[in-house]
Amino acid sequence: MGSASEFFLGMAALLLMPSIAHIVLAQNDPSDWVTLHNDERSKVGVGPVSWDEEVAAFAESYANQDITVCKTRGHSESNIYGENIFWSEDRAATASDAMSLWASEGDDFDKSTKTCAEGKECGHYTQVVWRDSTAIGCARAVCNDVVFIICNYSPPGNVDGQDPF
């Protein structure tokens, strides 16, 4: 039988587990998504986005589509919403990880000419900061060791012939 100190250490660990789990879950809360998007948008002088339950339901549905297959997928067939997709083999990947990746494309985007550096990808970044996209909905799904994060945008951005901001 264990000592009293082992018992109390075990109990302390059990009591702390919910708060640790909450921290991970909190990083995927709608308010976190909105804040992460609005932080990037404010850097280029674009107005804020807000959370939209209908857009979020679409994102959640697509994130969970065929989740048992556990494979990466392309963009949905939707013409209604813009879309950014992130996947990671790190089960702890969060909203912040996805936004960091998408926002990093801004380093390759010339804000004065509104063009992307040759051979680089900037479409995730431009969707995040797209002036006319005012509503978002995001979802996170886990399958085995793969995390899928999807954000949808209304109205969609990355419209040919238009500047993002």
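Counting starts from 1 at the beginning of each chain's written sequence and moves along it residue by residue. With the structure being a predicted model, the display of local features is reserved for residues of pLDDT at least 70 and the display and counting of side-chain atom pairs for 80 or more, all residues being used for whole-chain, interface and lining totals. Only hydrogens and water are set aside; all other atoms, that is, all heavy atoms of the structure, feed into the side-chain values.

Asker: Looking at this model, I keep getting lost on the environment of Pro156. Mind explaining?
Answerer: In this structure, Pro156 sits in the segment after strand 6 (146-154). Sequence spacing of Pro156 and Glu83 is 73 residues, and the spatial spacing of their C-alpha atoms is 7.6 Å. Helix and strand definitions follow DSSP, with helices as H or I runs of at least four residues and strands as E runs of at least two, each counted in order from the N terminus.

Asker: Is there a simple way to explain the packing of helix 2 (residues 30-42) against helix 4 (residues 95-104) in this structure?
Answerer: When two helices pack together, their arrangement is given by the angle between their axes and by how far apart the axes lie. At their nearest, the axes of helix 2 and helix 4 sit 10 Å apart, and the two run at 20° to each other. If you check the angle between helix 2 and helix 4, you find them roughly parallel. Judged by the twist between their axes, the crossing of helix 2 over helix 4 is right-handed. Contact residues: Trp33, Leu36, His37 and Glu40 in helix 2; Ala95, Ser96, Ala98, Met99, Trp102 and Ala103 in helix 4. Helix axes are fitted only over the stretch in contact, all axes being lines through C-alpha atoms; the angle between N-to-C directions runs from 0 to 180 degrees. Any angle that is under 35 degrees is reported as roughly parallel, and any over 145 degrees as roughly antiparallel; angles of 65 to 115 degrees are reported as roughly perpendicular and all others as oblique. Crossing handedness is defined as follows: a turn of the near helix away from the far one that is anticlockwise and smaller than a right angle gives a left-handed crossing, while the clockwise case is right-handed. Whether two residues touch is decided by their heavy atoms; if any such pair falls within 4.5 Å, the residues are in contact.

Asker: How should I be thinking about the nonpolar core in this particular structure?
Answerer: Nonpolar side chains in soluble globular proteins generally cluster together in the buried interior. The biggest cluster of nonpolar side chains holds 23 residues, and the ones touching the most others in it are Trp33, Trp102, Ile136, Ile149 and Phe165. Sorting the residues of this core by element identifies helix 2, helix 4, helix 5 (123-129), strand 5 (135-143) and strand 6 as the ones contributing at least two each. Setting aside chain neighbours within four positions, we find Trp33 in contact with Asn28, Trp51, Ala95, Ala98, Trp102, Ile136, Cys138, Ile149 and Cys151. Counting residues in each nonpolar core, the second largest holds seven residues, with Ala59, Ala139, Ala141 and Ile150 among its members. We define a nonpolar core as any set of buried Ala, Val, Leu, Ile, Met, Phe, Trp, Tyr and Cys residues linked to one another through side-chain atoms lying within 4.5 Å. The rule is simple: take the accessible area with a 1.4 Å probe, protein chains only, and divide by the maximum for that residue type; under 20% is buried, over 50% is exposed, in between is partly exposed.

Asker: Sorry, what's going on with the state of the cysteines here?
Answerer: Covalent bonding between the sulfur atoms of two cysteines defines a disulfide. Cysteine sulfur atoms that come within 2.5 Å of each other are treated as a disulfide pair. Overall, the coordinates contain two disulfides when judged by the stated rule. The disulfide that involves Cys116 links it to Cys122, with 2.0 Å between the sulfurs. Between Cys116 and Cys122, the S-S dihedral sits near 70°, and the bridge is therefore right-handed. The class for Cys116 is partly exposed, based on a relative accessible area of 29%. Overall, Cys122 belongs to the buried group, its relative accessible area being 5%. Two residues share a disulfide in this structure: Cys138 and Cys151, whose sulfurs sit 2.1 Å from each other. Its S-S torsion of about 110° marks the bond between Cys138 and Cys151 as right-handed, since a negative value means left-handed. Here Cys138 is found in strand 5, whereas its partner Cys151 is found in strand 6, with 13 residues between them in sequence.

Asker: It is not clear to me how helix 2 should be interpreted in this structure. Could you clarify?
Answerer: Along an α-helix, a turn takes 3.6 residues, which lines up residues three or four apart on a common side. To estimate the expected span of a helix, count its residues, drop one, and scale the result by 1.5 Å. With 13 residues, helix 2 should cover 18 Å at 1.5 Å per step; its first-to-last C-alpha distance of 18 Å lies within 8% of that length. All buried positions along helix 2 are accounted for by Trp33, Val34, His37, Asn38, Glu40 and Arg41. Across the axial projection of helix 2, the buried residues extend over an arc of 160°, all falling on one side. If you follow the buried residues of helix 2, they end up packed against strand 1 (50-51), helix 4, helix 5, strand 5 and strand 6. The arc in question is traced by the directions running from the helix axis to the C-beta atoms.

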